[in-house]
Amino acid sequence: MNASNRNHQGIGMTSQRTRDRLIQRLQEQGIHNEQVLDVIRRVPRHLFVDEALAHRAYEDTALPIGYGQTISQPFIVAYMTQLLLEDGPANSVLEIGTGCGYQTAVLASIFPQVYSVERIGALHQQAKSRLAELEIYNVQLRHTDGIEGWPNQSYRFDRILMTAACAEIPEALVGQLSDGGVMVLPFDDGSDQTMTKITRTADAVVTESLERVVFVPLLPGLG
Ligand code: SAH
């Protein structure tokens, strides 16, 4: 079934009122960036989950997407995107962990150039066809292990976000940040996960620990 059919069938569960309720909840939880709120209101999250779960797409909750993975909770998507915009607008962003492609679609509405990598081949393929159905063209996807970042090592990104929790800050990713670049990632210290913001300047790398979070783990190799 194509995107427009599903859109049509989903009229009840995807009504403006349902989406507005989600936006109100995000605002109450501290999401204040108007651009982020506007994009979350517009991106059809119900098209990124299985049809059987589509009626729950505008709840502020993570949902299974198969292969033991989840679509991130809308609050988390909004929160990470807001962090990426905190230091002003940017041109290019690299996402580690495409999953179903929802966060990718959100980023594509905000940043001119979006790159995203996923280790599970089937999820990578699904995300690719979904984004094409939605006519989102400013995204490049790769099926690869994101620990090494984007395969072309000469690339530099203004922003990087990791959507799976890592136990070590991947050096390759810090190396792919441009000067003034910002990376946000859930860092797992063995007992807790903490959203972490890393800012690279010309001569230093600054790390800030933010909120407690819960993510699926970053895994090595291809799946
Ligand atoms: N961005 C997604 C979140 C998906 S969950 C969303 O919008 O909902 C995290 C994803 O990271 C999973 O799909 C998982 O397979 C992927 N992942 C885990 N380890 C990875 C790695 N080393 N490289 C690339 N992707 C990875």
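Up top is the structure.
In this text, all values refer to a predicted model and were calculated from it rather than measured experimentally.

1. Some details on the overall build of the protein chain
Then, in step 1: The secondary structure content of the protein chain amounts to 7 helices and 9 strands.
Then, in step 2: Scaling as 2.2 N^0.38, a compact globule of 223 residues should have a C-alpha radius of gyration of about 17 Å, and the protein chain matches this with 17 Å.
Then, in step 3: Based on the C-alpha atoms only, the size of the protein chain along its principal axes is roughly 55 × 35 × 35 Å.
Then, in step 4: When each of the 223 residues of the protein chain is scored for burial, the buried share is 51%.
Then, in step 5: Element-wise, carbon and sulfur atoms account for 48% of the exposed surface of the protein chain, whose accessible area totals about 10,300 Å².
Then, in step 6: Taking the average place of the 18 positive charges on the side chains of the protein chain and the average place of its 26 negative ones, the gap between the two points comes to 7 Å.

2. Thoughts on the site of the ligand
Then, in step 1: Around the ligand lies a shell of 24 residues, among which Ser-72, Glu-118, Asp-145, Gly-146 and Leu-219 are the nearest.
Then, in step 2: Residue Thr-163 places a side-chain N or O atom 3.5 Å away from a nitrogen atom belonging to the ligand.
Then, in step 3: Of the pockets mapped on this structure, the ligand occupies the largest pocket.
Then, in step 4: The set of elements that each furnish at least two residues to the shell around the ligand consists of β2 (69–71), α5 (102–108) and β4 (113–118).

3. As for the layout of surface pockets
The rolling of a water-molecule-sized probe over the atoms marks out the regions of remaining empty space.
Then, in step 1: Each pocket or cavity is described by its volume, and for the largest pocket that value is around 490 Å³.
Then, in step 2: What lines the largest pocket is a set of 33 residues, and nearest its centre among them are Gln-69, Thr-70, Thr-163, Ala-164 and Val-216.
Then, in step 3: Only β2, α4 (74–85), β3 (92–96), α5 and β4 provide two or more residues apiece to the lining of the largest pocket.
Then, in step 4: The element that contributes the greatest number of residues to the lining of the largest pocket is β2, accounting for 3 residues.
Then, in step 5: For the lining of the largest pocket, the per-class residue count stands at 18 nonpolar, 11 polar and 4 charged.

4. So, helix α6 (residues 121–133)
Then, in step 1: Relative to the 18 Å expected for 13 residues at 1.5 Å per residue, α6 spans 19 Å between its end C-alpha atoms, a close match to the ideal helical length.
Then, in step 2: When we look at burial in α6, the residues that qualify are Gly-121, Leu-123, His-124, Ala-127, Arg-130 and Leu-131.
Then, in step 3: Structurally, α6 contributes buried residues whose contacts are with β1 (63–66), β2, α5, β4 and β5 (139–143).
Then, in step 4: Following α6 by one or two positions, Glu-135 has its phi on the positive side, about 60 degrees.

5. Overview of the sheet that holds strand β7 (residues 177–188)
Then, in step 1: In spatial order, the strands read β5-β4-β3-β6-β7-β8-β9; together these 7 strands make up an open sheet with mixed pairing. In this open sheet, the two edge strands, each paired with only one partner strand, are β5 and β9 (205–213). Ignoring which end each strand starts from, the neighbouring axes of this sheet average 15 degrees apart.
Then, in step 2: Strand direction decides the pairing type here: strand β6 (residues 157–162) and β7, joined by 4 bridges, are parallel.

6. Concerning the packing of aromatic side chains
Then, in step 1: Scanning all chains against the criterion turns up 7 aromatic pairs.
Then, in step 2: With a centroid separation of 5.8 Å and an interplanar angle of 65 degrees, the aromatic rings of Phe-48 and Tyr-102 are classed as edge-to-face. Residue Phe-48 is located in the loop between α3 (34–42) and β1, and its partner Tyr-102 is located in helix α5; the two are separated by 54 residues in the primary sequence. Tyr-102 matches Phe-48 in its accessibility class, with the two residues each being buried.
Then, in step 3: Judged by centre distance (5.9 Å) and plane angle (35 degrees), the rings of Tyr-155 and Phe-157 are tilted.
Then, in step 4: Judged by its relative accessible area of 27%, Tyr-155 is partly exposed.

What counts, and where the lines are drawn
Residues numbered from 1 in each chain as written. Predicted model: local features only at pLDDT ≥ 70, side-chain atom pairs only at ≥ 80, totals over all residues. Heavy atoms only, no water. Helix = DSSP H or I, 4+ residues; strand = E, 2+ residues; numbered from the N terminus. Rg over C-alpha atoms; globule rule 2.2 N^0.38 Å. Buried < 20%, exposed > 50% of the residue type's maximum accessible area, 1.4 Å probe, protein only. Areas by Shrake-Rupley, 256 points an atom, 1.4 Å probe, with all protein chains shown as cover. Lys, Arg positive; Asp, Glu negative; His and termini not counted. Charge placed at Lys NZ, Arg CZ, Asp CG, Glu CD. Near = heavy atom within 4 Å. Polar contact = N/O pair within 3.5 Å; in protein donor to acceptor, adjacent residues only side chain to side chain. 1 Å grid on protein atoms, 1.4 Å probe; cavity = no way out; pocket = protein on both sides within 12 Å on 5 of 7 lines; lining within 4 Å. Sits in = over half its atoms within 2 Å of the grid points. Points joined across faces, edges and corners; volume = space filled by probe spheres on them. Nonpolar A, V, L, I, M, F, W, Y, C, P; charged D, E, K, R; others polar. Expected span 1.5 Å × (residues − 1). Contact = heavy atoms within 4.5 Å. Pairing = 2+ DSSP bridges. Axes fitted to C-alpha atoms, helices over the stretch in contact; angles between N-to-C directions. Phe/Tyr/Trp six-rings, centres within 6.5 Å; stacked < 30°, edge-to-face > 60°.

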